[in-house]
Each structure stands twice: as C-alpha cells, then as structure tokens.
Amino acid sequence: TAELCRVPKGLYDSIKVKGRATKFVDDIFQPTGNNSLNAQQNFNNKRRCMAMLLFDYLSGQTIPSLYTSFECRYKLKDDTQHAFAMLAQQYKPGIKLMGITKAMTTVYHSCTIDNLSAFLQCVLQEKDAMLTEFDTQKCDFDTIDTQDTYARLLDKIRGCPDRCPCCQRPCDVDHTLIKSNPGSESNKHRCATGHALRAMNGYKFEETDEASLFMCEQIKDDQTIVVGSLRKRWSQFKLDHRDWVFESLLKDDELARLNQKFLSIWAKIGRDLCQKYGMKFVTYNTQRINVPESY
Ligand SMILES: [Zn+2]
Ligand SMILES: [Zn+2]
C-alpha cells in the first residue's frame, strides 16, 4: 500500500507547482494541425488523453509525445513529457501498481480526467481515510486469530504436549482436526496407538515392589492404584482425568504385539528405571493385576 500512495503523491506534488490545476490538462495537450473542433470539444478530448497519459505512466510504459482521442491527435508538451519521464524514474511504479493499472486498462481508456490535481487529491484522501481506518483497527496477530489457529498449528507441528497421567506416554491425537480445544469434551487426549508399560512411569506392585508390566488398557475399573499417598480405584482415576480417554484404538492382538515390543524395550532399559524408581526388576509379574499398584 505504501507504493500505491507514494506514486500518486509524487505526481501530485510535481504538478501542484505547475500553475493552475484546472488549466493543467488543457495546457499540456495541443491539437496537431488544425482540427475543426471548438475549445470545449477539444477539452473533452484532452481529458481522455490525460487518462491515457496517467495509464501510460502508472503501467510503466514510455510516455509518447502524441495522444489520439476520437481521431484527433494531440501533442504532449515537451516539458510535460520530460517531466513524466523524470517522474517515472523518481517515482517508478512498482510491479504491483503496474499490474493493477494494466488490469484497469478499459477503465483508463474510457474515463476522462479534467483536473488531474483534484483527481490525485481524491486518490490521496482516499488513502488517508484508508490508513486511518487501518490504524483504528487492532490488527496484531492475537486479535485477528480468534480461532486459536496459531496454537493449533503449533500443536499440529509439535504434536500434543500432554502425556498419559498414568504411563506418561505422549498423547497422539491430532487435536487440530477438531476445532474445540485439546482436552475438551469432544477433543480428548488419548494414546490411540496404545499406552506404555506402567512401570515406565514408576508404577510397581505395592507389596512386592515388582515393576508393573501392565499397560493402562489392561487395568480394570475396580482395580486400586496408588497415586502418591492416595489409593484410588481406576474408575476414580479416570474421573480425575476427564480430559483423557484411556482406551486405545488397538484390537486385542495389536495390543498384545505392542506389549511384546515394550517388553523387549523393558529388557534393555528396565533395570535403570527400577533403580530410579526403587522397583524390583522383573520380566513378568508374579502378581495378579488386581493387587494394588503404587509408585
Ligand atoms: Zn497410559
Ligand atoms: Zn492430547
């Protein structure tokens, strides 16, 4: 937009000093030879030539010395032609302005400008009004971004930062597919591709300290887990984390395969985790799942 204002302003400033604005158009075009038109008819033609001259300048063409309107030829005064050539260097229309101008070819070739100064003043006033309006509107990104698009795009790139509160496996839902916020009723967090071994987050059996090799999907509602100093039924734990769906989308055989994969990872890193969390390292649990687990 800066360029769209700069060029008319430069043109306006340079013709402002060239005498009476209303006479400008009449002055700069002189009929060639003797045409039989009266002054008013000639002036009407000159107004058209003025529009064509403005078109030539704004569309980045070289300014010719002759303009034709309704088969009458008009010579552009040498000093004006020279002035426009200088102007084209000093305030060279950019590609955008040239493009807009060319797109308006038919407008320029059918309109008339009888007072270039007033015409440009209108353009510039229009610009001022536009800028004023622009300034009064808050247009920083946060204001425009009423749909949290930025946050959702970040989520899409980084993935959801939430982790299963039980096994700490990252949520793998693409929350950006649904407009509501991550964790809200229709857009809950989930380990859709399956949870991790609970031992990976330090869960162990209460009495034997055996690391729990179960996955969140395998816990039954009436099973008790110990969270910090609290004993909770799994059903209650789920209520405490309503922003999560704890069921994965895996079928039983897929879940069994994933469990096997985790067990082979466990064989490699399990000992370290057991040391970190004070658990007893095992590769299978001797205890049933319905014994309280704690961490
Ligand atoms: Zn989990
Ligand atoms: Zn999530």
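Our subject is the structure listed above.
Procedures and definitions
Residues numbered from 1 in each chain as written. Chains lettered and ligands numbered in written order. Predicted model: local features only at pLDDT ≥ 70, side-chain atom pairs only at ≥ 80, totals over all residues. Heavy atoms only, no water. Salt bridge = Lys/Arg side-chain N within 4 Å of Asp/Glu carboxyl O. Helix = DSSP H or I, 4+ residues; strand = E, 2+ residues; numbered from the N terminus. Buried < 20%, exposed > 50% of the residue type's maximum accessible area, 1.4 Å probe, protein only. Donors = N, O, S within 2.8 Å, 3.2 Å for Na, K, Ca; no water. Tetrahedral: all angles 85-135°; square planar, octahedral: opposite > 155°, others 65-115°.

1. Considering the pattern of salt bridges
If charged atoms from side chains of opposite charge come close, those side chains can pair. All told, the structure shown has 7 salt bridges when counted by the stated rule. In this structure, lysine 46 and aspartate 26 form a salt bridge, with 2.9 Å as the shortest nitrogen-oxygen distance. Of this pair, lysine 46 sits in helix α3 (residues 39–58) while aspartate 26 sits in helix α2 (residues 21–28), and the two are 20 residues apart along the sequence. By relative accessible area, lysine 46 is classed as buried at 6%. The class for aspartate 26 is partly exposed, based on a relative accessible area of 24%. Between lysine 232 and aspartate 240 there is a salt bridge; the shortest N-O distance is 2.5 Å. Judged by relative accessible area, which is 17%, lysine 232 ranks as buried.

2. A look at the coordination of the zinc ion (ligand 2)
Bound to the zinc ion (ligand 2) on the protein side are Cys160 (SG), Cys171 (SG), His175 (NE2) and His189 (ND1), at distances that span 2.0 to 2.3 Å. For the zinc ion (ligand 2), the 4 donor atoms in the first shell make angles of 98 to 129° at the metal, a pattern classed as tetrahedral. Read from N- to C-terminus, the donor residues coordinating the zinc ion (ligand 2) fall into the pattern C-x10-C-x3-H-x13-H. Here histidine 175, found in the loop between α9 (149–158) and β4 (189–190), pairs with histidine 189, found in strand β4; they are 14 residues apart in sequence, far enough to count as distant. Comparing histidine 175 with histidine 189, the two get one shared label, buried.

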